Amino acid sequence: MVLWQEDAYTRTDGNGNPLSFEQYIEQTPRTSRWQWMTRNDAQLYAVTGIGFFLDSYDLFIVNLVTPIWAYEYWGGMQGKVPHYPLLLRGLVNAAANMGNIVGQLSFGYLGDIYGRRFVYGNELIIGIFGIVMCIALPNSIPTAHLKMAWIFCWRFVLGIGIGGDYPISAAITAERTHLNRRGRLLGWIFSNQGWGNLTGSIITLILLACFSKALDKGSEYGQLDALWRLQIGVALIPALIMLYPRLTMPEGKKYLESRELNRSLRPTSVNSTRSRSTIHSRKSRGKSMDVELIASDGQGLQAEIDAARAEIEAQGRRPRLDVFLVYFREWRHLKTLIGTASTWFLLDVAFYGTNLNQSVILSEIGYSSGRNEFDMLRRNAVGNIIIAVAGYVPGYFATIYFVEKLGRRWIQIQGFLITKDLANSQLLTQALLFAILAGGYTHIGTAGKFVLLAFAQFFFNFGANSTTFIIPAEVFPSRVRGFAHGLSAATGKLGAILSALLFNYLADKSRLGLPAVLWIFCGCCVLGAGITVWMVPETRGRDADVVDWEEWMEGNVTVVR
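Residues numbered from 1 in each chain as written. Predicted model: local features only at pLDDT ≥ 70, side-chain atom pairs only at ≥ 80, totals over all residues. Heavy atoms only, no water.

### Digging into the overall build of the protein chain
A count of helical and extended segments in the protein chain gives 24 helices and 4 strands. Per-residue burial over the protein chain gives 59% buried out of 561 residues. In the protein chain, the proportion of contacts linking residues at least 24 apart, taken out of those at least 6 apart, comes to 82%. With the model as given, the accessible surface of the protein chain reaches about 22,400 Å², and the carbon-plus-sulfur share is 62%. (Helix = DSSP H or I, 4+ residues; strand = E, 2+ residues; numbered from the N terminus. Buried < 20%, exposed > 50% of the residue type's maximum accessible area, 1.4 Å probe, protein only. Contact = heavy atoms within 4.5 Å. Areas by Shrake-Rupley, 256 points an atom, 1.4 Å probe, with all protein chains shown as cover.)

Pasting the structure below:
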C-alpha cells in the first residue's frame, strides 16, 4: 500500500514523459457520485486530518477548562464569584493563538525553502511537548497568577506546533490531491476542527461522569485538578499515533517542479530557431488554464527548457530566500494575498470571539447555570455539544458537499453575508444573525439565543471559516504556498488574539456589554464579504502551478520562429 501517492497535476507523468494539463484533465478517472473520497484520499486524510483534529481539540478545550480553573484557583467554589482577572483569562485563552502565529510563519517559510519533508512531523513533536508540560503544572507553585503564567507559556509552545500544521498540511493536501477533488478533501481535513471541538465536549462529559461521585455527591473539589489535566492530556493519543507517518513522508513531485522556477533563466534564456513552437494559454475567471507545447520537428520548446533547467541546476542548489518577495512584488499576486489575509482576520475576530468564549456566552444567555459547580460544568459541556451537533459539524459537511459545485468564493461571501435557505427561500445572513442577537438581546429568550448561536456556528463553517483555509491552499503556487498560507493564517490569528484578549473585557456589563460586542462581529462579517468580492478570486478548477508556469514562460522564455 502506497501511503503518499500523488494524484495532482505535474508536467511529466510517472514515466518522465511530458504531460499537458489538458491530457491530465481528460485522464481523470470517473468516480461514483456517492464516493466522496478515494482510498488514496482517505490515507492522506488520516495523516493530515488528524493534525486539525488535534489542533481544534487543543485550541477549544480551553473553553471547557477555563471554568474549572476559575473554580480551583480563583475562589469560585460554593457559589462564590471567582476573581479570575478578565485580562489574564483572555491572555491564557489567547496563548495558543499567539504561538500559532510563530508556527504558521516559521513552518510555512521553512516548508517553502527547504521542503515539506524537512519540517513535517516536527510541528507535532513541539505540540506533544507543549501538552505534556501544560498538564505537568506543579501544584507547588504558590499563587494562582504564577500557575496561569506556567499554563500560558506552555500553551504558547503548544500553539507553535499547532500553527505549523496549518500551512504544511494544507500545502501537502493541495499538492497531492486530484484537482477535481482538491477542494472537497481540503474541506474534509478542515472539518476535523469540528470533530475536535465535539470530541472535547464529549470527553468532558465522560470524565465528569467518572468523577461524579466525588464532585457531585461528595463535593471533593480537589478532584478538579485531575479532571482538567485529563481533559487536555487525551490529545496526546492521536498525536503519538500520527507522528511516525509524518516523519517518514517523502517529498512531493509537484512541489519540486514548482521550486525549479525559483531560479530564473538568464536574459538570453531559450531560443528555438528550428521549430515552430507556440505557447497557447486560455484564461477565464474561475476556469483552469491550459498550456500546450507543440513542436513540428521533434525539437520543441520543452527540450530547450529541459536543457536550460540542467544549466540552472549546475549553478548550485542553494535555496533562494527572496522568492516570496519576488513573487509578491506584482500587484495581482499581492492583491490576492491581502484578500486572503484580511478576510481570515475578520473571520477570526468573530469566530474565535464566539468559540473561545462560548462558555461565557452560554452563561450570559442563562444556559450554564446549575445547582452546584459539577452541574454547571456538565450543563456547559452539554451546551457545547448541542451547538456543535446542531450547527458546527453540519456546517462543515455542507461545505464539503457544495464546494466543488458552487465554488469557494460564493460560499465565502454567503457565509459572511448572505445565503439562500433552499427550504423556504428566506435569506439568512451571518451578519444578520449577530445583528439579531445584538439588537434583540434583551427581548429574546434563552432558547431563541441558543438557536441563533447554533445557526451562527453553521454559517461560520458553511462559509468563511472553511473557505479562508481552502482558498490560500489553492490560489498560490507550490513554491510560495506554505508561507502565503501561513501568513494568511497568522493574520487571522491576530484577529483571534484580539477577541481572546478583549472579548471578556469589553463584554462586561460595566463597559460595552455583550450586545455591543456582537455588533462588532456583525460589522466584521459585512466587511469580510466586501473584501472577498473585490480581492479574492475563485479557485475551483484552477491549478496555481499551471498559472505560475505560464507566467514564468512569458517572463523568461523567448520563442523565435
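### Remarks on the confidence of the model for the protein chain
Looking at the protein chain, the pLDDT average stands at 78 and 73% of residues meet or exceed 70. Note that residues 265-299 has pLDDT below 50 and, in this model, 86 contacts with residues that lie over four places away or in other chains. Low pLDDT (under 50) marks residues 437-441, which in the prediction has 14 contacts with non-local residues, meaning those over four places away or in another chain. (pLDDT = per-residue confidence, 0-100.)

### Regarding the nonpolar core
If you look at the biggest cluster of nonpolar residues, it comprises 101 residues, and the most contacted ones within it are Trp69, Met148, Tyr166, Trp228 and Phe469. The greatest single-element share of this core, amounting to 17 residues, is contributed by helix α2 (residues 39-73). Beyond its immediate stretch of four places on either side in the chain, Trp69 contacts Val62, Trp74, Tyr84, Val92, Met148, Ile151, Trp228 and Ile232. Counting residues in hydrophobic clusters, the runner-up holds 12 residues, among them Leu337, Val475, Val480 and Ala484. (Core = buried A, V, L, I, M, F, W, Y, C linked by side-chain atoms within 4.5 Å.)

### Focus on helix α18 (residues 408-416)
Residues lying three or four places apart along an α-helix face the same way, a consequence of the helix completing one turn every 3.6 residues. With 8 of its 9 residues buried, α18 lies for the most part within the structure. When we look at burial in α18, the residues that qualify are Arg408, Arg409, Ile411, Gln412, Ile413, Gln414, Gly415 and Phe416.

### Comments concerning the packing of aromatic side chains
Going through the model one piece at a time under the given rule, you end up with 26 aromatic pairs. Ring centres 6.4 Å apart and planes at 45° place the aromatic pair Tyr166 and Trp344 in the tilted group. Of this pair, Tyr166 sits in helix α6 (residues 144-176) while Trp344 is found in helix α15 (residues 331-355), placing the two residues 178 residues apart along the sequence. Trp344 carries the same exposure label as Tyr166, and that label is buried. Ring pairs connect the aromatic residues Phe52, Tyr166, Phe190, Trp344, Tyr396 and Phe469, which therefore count as one cluster. In this arrangement the basic side chain of Arg11 is found over the ring face of Trp549, its NZ or CZ atom lying 4.1 Å from the centre. (Phe/Tyr/Trp six-rings, centres within 6.5 Å; stacked < 30°, edge-to-face > 60°. Lys NZ or Arg CZ within 6 Å of the ring centre and 35° of its normal.)

### Some points on the environment of Phe503
By the secondary structure assignment, Phe503 is in helix α22 (residues 478-507). Since its relative accessible area comes to 3%, Phe503 is described here as buried.

### Brief notes about the environment of Trp4
Relative to the assigned elements, Trp4 resides in the segment before α1 (21-26). As for Trp4 and Gln43, which are separated by 39 residues in sequence, their C-alpha atoms are 7.9 Å apart. In contact with Trp4, not counting residues within four places along its chain, are Leu44, Val47, Tyr120, Ile172, Arg176, Pro245, Met249 and Pro250.

### What to know about the packing of helix α5 (residues 122-135) against α6
Across the interface, α5 lies against α6 with an axial gap of 7 Å and an inter-helix angle of 160°. As far as their axial angle goes, α6 and α5 are roughly antiparallel. Note that α5 runs across α6; the crossing there is left-handed. Residues Glu123, Ile126, Gly127, Phe129, Gly130, Ile131, Met133 and Cys134 of α5 lie in contact with α6, whose contacting residues are Trp150, Ile151, Trp154, Arg155, Val157, Leu158, Ile160, Gly161, Gly164 and Asp165. Across the contact of α5 with α6, the residue classes tally to 11 nonpolar, 4 polar and 3 charged. (Axes fitted to C-alpha atoms, helices over the stretch in contact; angles between N-to-C directions. Parallel < 35°, antiparallel > 145°, perpendicular 65-115°, else oblique. Left-handed = near helix turned anticlockwise from the far one by under 90°. Nonpolar A, V, L, I, M, F, W, Y, C, P; charged D, E, K, R; others polar.)

### With respect to a nonpolar patch on the surface
Together, Leu87, Leu498, Leu502 and Tyr505 give the surface a local cluster of nonpolar side chains, amounting to about 330 Å² of exposed area. In terms of residue count, α22 provides more of the nonpolar patch than any other element does, 3 residues in total. Position of Tyr505 among the secondary structure elements: in helix α22. (Patch = residues over 30% accessible without salt bridge, like charges linked within 9 Å, V, L, I, M, F, W, Y side chains within 5 Å. Salt bridge = Lys/Arg side-chain N within 4 Å of Asp/Glu carboxyl O.)

### Focus: the packing of helix α7 (residues 182-210) against helix α21 (residues 464-475)
The geometry of a pair of packed helices is captured by two quantities: the angle between their axes and the separation between those axes. Across the interface, α7 lies against α21 with an axial gap of 10 Å and an inter-helix angle of 135°. Classed by the angle they form, the pair α7 and α21 counts as oblique. Along this stretch, α7 crosses α21, giving a crossing that reads as right-handed. Between α7 and α21, the contacting residues are Arg182, Gly183, Leu186, Gly187, Phe190 and Gln193 on the first element and Asn465, Ser466, Phe469, Ile470, Ala473 and Glu474 on the second. Its residues assigned to classes, the contact of α7 with α21 shows 5 nonpolar, 5 polar and 2 charged.

### Thoughts on the pattern of salt bridges
Side chains that differ in charge, positive against negative, can pair when their charged atoms come close. Taken as a whole, this structure holds 20 salt bridges when the rule is applied. A salt bridge links Arg11 to Glu257, with the nearest nitrogen and oxygen atoms 3.9 Å apart. Highlighted residues: Arg11 in the segment before α1 and Glu257 in helix α12 (residues 253-259), separated in sequence by 246 residues. Exposure class is identical for Arg11 and Glu257. Each is buried. By sharing partners, the salt bridges in this structure join Asp112, Arg116, Glu175, Lys254, Arg481, Asp543 and Asp545 into a single network.

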